[in-house]
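# Fold and contact review
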Amino acid sequence: MAIFQQILFIAVLATVTWLAYRRVTLIRSTILLGKPENRSDNPGERLSTMLRIAFGQKKMFDRPLIGFLHFAVYIGFILINVEILEIVLDGVLGQHRVFAPFLGGFYPVLIGFFEVLAVGVLVACVIFLLRRTAVKVERLQPVRHREMNGWPALDGKLILVFEIVLMIAILTMNAADLALQDRGNPHYPQTGDFLFSQFLKPLFENWNENTLVIYERFAWWFHIIGIFVFAVYLTYSKHLHIVLAFPNTYFAKLAPKGKMDNMPEITAEVRTMLGIETIQTGEAAVIPDRFGAKDVPDLSWKNLMDAYSCTECGRCTAACPANMTGKKLSPRKIMMDTRDRLADVGRNMQKNGGQFVDDGKSLIGDYILVEEINACTTCNACVQECPVLINPLDIILQLRRHKVMDESQAPASWNMMFQNLDTNQAPWKFSPGDRFNWAAALEPKE
C-alpha cells in the first residue's frame, strides 16, 4: 500500500509540474509579444523598490488593518511552503515526517510556528470572506462594477473558502497524527505535541486506530493535492500576482508618475518643424506602422506583465475620479480586459503551433470601449493607488493615441482644442497676445 501511494504521489507531482510549466511557458510567450522596452537601468533602485513594495508590502499598509491581514496570508503562503517541502519529500520517499529525526526537539517548535501561520491565514481569510459577502465592500461588488460580474466575484470567494479548508485540513491532519502517536502506531514517529493541533486531539479520542489512519491520510492527500491544484490554478487567475508582484515591482517605471512618455517619431518631427533638429541629406523620416496601440502586440512587454499582475483589488477604480462620477472608465477593467485579450491570444497560439493567427479582433473596440479611454483625465490616481505598481494609464494613453492619430476619432471638443493649440499655443480660443489681459484689472489705478 505504501509503495502504491509513493508511485501515485510521484505521478501526481509530475503531472502538476508539467501543467504548470506548460502554462508558465505560454504566459511568457504572450508577454514577449509586447514591444521591447528597456527596464534594466538603476538595478539598485529597482531592487530597493521590489523589497519595499512586493516583499515588504509597503503600500498595503496604507490601510493598516487590511495590510496586517494581507501580510498574514502572504507570509503564511511563503513560509508554510517549508512544510510543503517536507510533505513532498515524504510522498516521493515513501516516509512520514522525514525532517523529524534530524531536527529532534526543534521539530515540534517549527511545526508549531507553521501552525501559528496557518491559524493566521485561516482568520484572515474568514475576515476577507466576510468583507466580500456580509460587509460588501463597495469596490468588490459586481452591482457597482460590471467587470466583477460572474467569474471574477466568484473567483475571489472560492479561493478564500479553498484557503480556509486547506488550513483546517493541515491542522486536523496534525491532530490526527498526534492521536496516532499517542497510540504508538509505528508509522507515526514521536515528535511531541504541536502548538495548536494538540487542542484538537479530543476530537479524535473515540476514533479507532484504522479510522484515524484513514482520516490522517485523507487530510494529508487533500492538503497536498489542494496545494498542487492551487499552484496550477493561480496561473489562470488573478492570484498570479503572488509570483509576478516581484518582477513587476522590480521593472516598474522609476520616472515621476506625472511624466508621460512621448512618441519618439512625433517628437523628432516637432523638433524638426521648430528648427531644433535638422534632417540630414538622404535621411528618410521614420514612419511607424501604427501610432499608439490597437492590440496587445502594440503595447510593451511591461504593459502585458502589468495585466497578468493585476490583483483585481479595485483600489485603482475606487480612486478614479471618472469612475466616481459615473463614467464607464474603470482602470481595473482596463487591466482585466487586457489580460482577457492575452488569454484569447494564448489560446490562439496553442491552436496554431505557437504562432498567433489574426482572429479579426483587437484590444480597443472588442474588449475596451472608446468611451472608457476617453473618460480618463490622466490624473494618475490609479497608478498611485496600485499596491504592485501597475500602470493602467500607460495602456489608456496608447490606446487613445491610436484612436486619435491613426483613426482620426477624437471627440469634436478635442479637435477644437487641438486646433487652438496649433494656432494659439493654448487650449483656449484667444490670441497669445491677449493671454495676460486678465491681469490688467489687477493693476493699481492712478
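For the structure, check the block above.
The text that follows walks through the structure, step by step, so that each part is easy to find. In this convention, every chain numbers its residues from 1, walking through the sequence in written order. Per-residue local features are limited, in this predicted model, to residues with pLDDT of at least 70; the limit for side-chain atom pairs, both in listing and counting, is 80 or more; totals at the level of whole chains, interfaces and linings are taken over all residues. Only hydrogens and water are set aside; all other atoms, that is, all heavy atoms of the structure, feed into the side-chain values.

### Overview of the overall build of the protein chain
When helices and strands are counted, the protein chain shows 18 helices and zero strands. Atoms counted for the radius of gyration: C-alpha only. Globule rule: 2.2 Å times the number of residues to the power 0.38. Rg of the C-alpha trace for the protein chain: 28 Å, well past the compact-globule value of 22 Å for 446 residues, more than 25% over. Viewed in the frame of its principal axes, the protein chain has a C-alpha envelope of about 100 × 60 × 40 Å. Only protein chains enter the calculation, and the probe is 1.4 Å; a residue is then buried if its accessible area is under 20% of its type maximum, exposed if over 50%, and partly exposed in between. When each of the 446 residues of the protein chain is scored for burial, the buried share is 44%. Helix and strand assignments follow DSSP, with helices taken as H or I runs no shorter than four residues and strands as E runs no shorter than two, numbered in order from the N terminus.

### Points about the packing of aromatic side chains
Stacked, tilted and edge-to-face are the three classes applied to pairs of Phe, Tyr and Trp rings, where Trp contributes its six-membered ring and a pair requires centres within 6.5 Å; stacked means planes under 30 degrees apart, edge-to-face means over 60, and tilted covers the rest. A complete count under the given rule lists 15 aromatic pairs for this structure. Taking 5.8 Å as the distance between ring centres and 50° as the angle between the ring planes, the aromatic pair formed by Phe71 and Tyr74 counts as tilted. One end of the pair is Phe71 and the other is Tyr74, both in helix α3 (residues 64–93) and three residues apart, which spans about a single turn. For Phe71, a relative accessible area of 29% gives the class partly exposed. Taking the relative accessible area as the measure of exposure, Tyr74 reaches 11% and is therefore buried. Centroid distance Tyr215 to Phe218: 6.4 Å. Interplanar angle 45°. Geometry classified as tilted. Taken together, the positions of Tyr215 and Phe218, both in helix α7 (residues 209–233) and three residues apart, correspond to about one turn of that helix.

### Quick word on the nonpolar core
Nonpolar side chains tend toward joint burial in soluble globular proteins. We call a set of buried residues a nonpolar core when its members are Ala, Val, Leu, Ile, Met, Phe, Trp, Tyr or Cys and they connect through side-chain atoms within 4.5 Å of each other. One finds Ile224, Leu329, Ile368 and Leu399 to be the most contacted residues of the largest nonpolar core, which totals 83 residues. For this core, the element with the most residues is helix α5 (residues 106–135), which contributes 12 residues. Setting aside residues no more than four positions away along its own chain, Ile368 makes contact with Ile334, Asp337, Thr338, Leu363, Ile373 and Leu399. Membership of the second largest hydrophobic core comes to seven residues, among which are Ala175, Ala176, Tyr188 and Leu212. Whether two residues touch is decided by their heavy atoms; if any such pair falls within 4.5 Å, the residues are in contact.

### Describing the side chain of Arg339
With respect to the helices and strands, the residue Arg339 is situated in helix α13 (residues 331–351). Assessed through its relative accessible area of 12%, Arg339 is described here as buried. Once you skip the residues sitting within four places of it in the chain, Arg339 turns out to touch Lys238, Ala307, Tyr308, Cys310 and Glu312.

### Re a nonpolar patch on the surface
For patches, a residue must show more than 30% relative accessible area and have no salt bridge; joins then use 9 Å for like charges and 5 Å for nonpolar side chains, namely Val, Leu, Ile, Met, Phe, Trp and Tyr. Per-residue and other accessible areas follow the Shrake-Rupley method at a 1.4 Å probe size, with only the shown protein chains counted as cover for residues. Every case where a carboxyl oxygen of Asp or Glu lies within 4 Å of a side-chain nitrogen of Lys or Arg is listed as a salt bridge. Among the surface-exposed residues, Leu47, Leu51, Phe55 and Ile78 lie close enough to one another that they form a single nonpolar patch of about 350 Å² accessible area. With three residues, helix α2 (residues 43–55) is the largest single contributor of residues to the nonpolar patch. Summarising the element assignment, Leu51 is placed in helix α2. We classify Leu51 as partly exposed; its relative accessible area is 44%.

### Digging into the pattern of salt bridges
Opposite charge on two side chains permits pairing when their charged atoms draw close. Under the definition given, this model contains 21 salt bridges. Put simply, Asp177 and Arg97 hold a salt bridge, and the shortest N to O gap is 3.0 Å. Placement of Asp177 in helix α6 (residues 151–182) and of Arg97 in the loop between α3 and α4 (100–103) is noted, with a sequence separation of 80 residues between them. Residue classification places Arg97 among the buried residues on the basis of a relative accessible area of 4%. Between Arg341 and Asp359 there is a salt bridge, with its nearest N and O atoms 2.9 Å apart.

### Considerations on the side chain of Asp298
With respect to the helices, strands and loops of the structure, Asp298 is situated in the loop between α9 (264–273) and α10 (301–309). Throughout this description, a polar contact denotes any pair of N or O atoms lying within 3.5 Å of each other; where both atoms belong to protein, one of them has to be capable of donating a hydrogen while the other can accept it, and for residues adjacent in sequence the pair is counted only when both atoms sit in side chains. Among the polar contacts made by the side chain of Asp298, one reaches the main-chain amide nitrogen of Lys294 at a distance of 2.9 Å. For Asp298, the contacting residues outside a window of four places in its chain are Lys35, Arg290, Gly292, Ala293 and Gln398.

### Description of the packing of α6 against α7
Think of two packed helices as two axes; the pair is described by the angle between the axes and how far apart they sit. Running from N to C, α6 and α7 point in directions that differ by 145°, and their axes come no closer than 9 Å. When you trace α6 past α7, the crossing you get is left-handed. For the contact of α6 with α7, the per-class residue count stands at 20 nonpolar, three polar and five charged. Only the stretch in contact is used when a helix axis is fitted, and all axes are lines through C-alpha atoms; the angle between N-to-C directions ranges over 0 to 180 degrees. Two helices cross in a left-handed way if the nearer one is turned anticlockwise from the farther one by less than a right angle. They cross in a right-handed way if the turn is clockwise. Each residue gets one label: Ala, Val, Leu, Ile, Met, Phe, Trp, Tyr, Cys and Pro are nonpolar, Asp, Glu, Lys and Arg are charged, and the others, such as Gly, are polar.

### Considerations on α7
In a helix, the anticipated span is given by 1.5 Å times the number of residues less one. Given a rise of 1.5 Å per residue, 25 residues ought to cover 36 Å, and the 35 Å separating the end C-alpha atoms of α7 matches this to within 8%. Among the residues of α7, those classed as buried are Leu212, Glu216, Arg217, Ala219, Trp220, Trp221, His223, Ile224, Gly226, Phe228, Phe230 and Val232. Those residues of α7 hidden inside the fold are in contact with α1 (2–31), α3, α6 and α8 (241–250). One side-chain oxygen at the N-terminal end of α7 lies 3.2 Å from the backbone nitrogen of Asn210; it belongs to Asn208.

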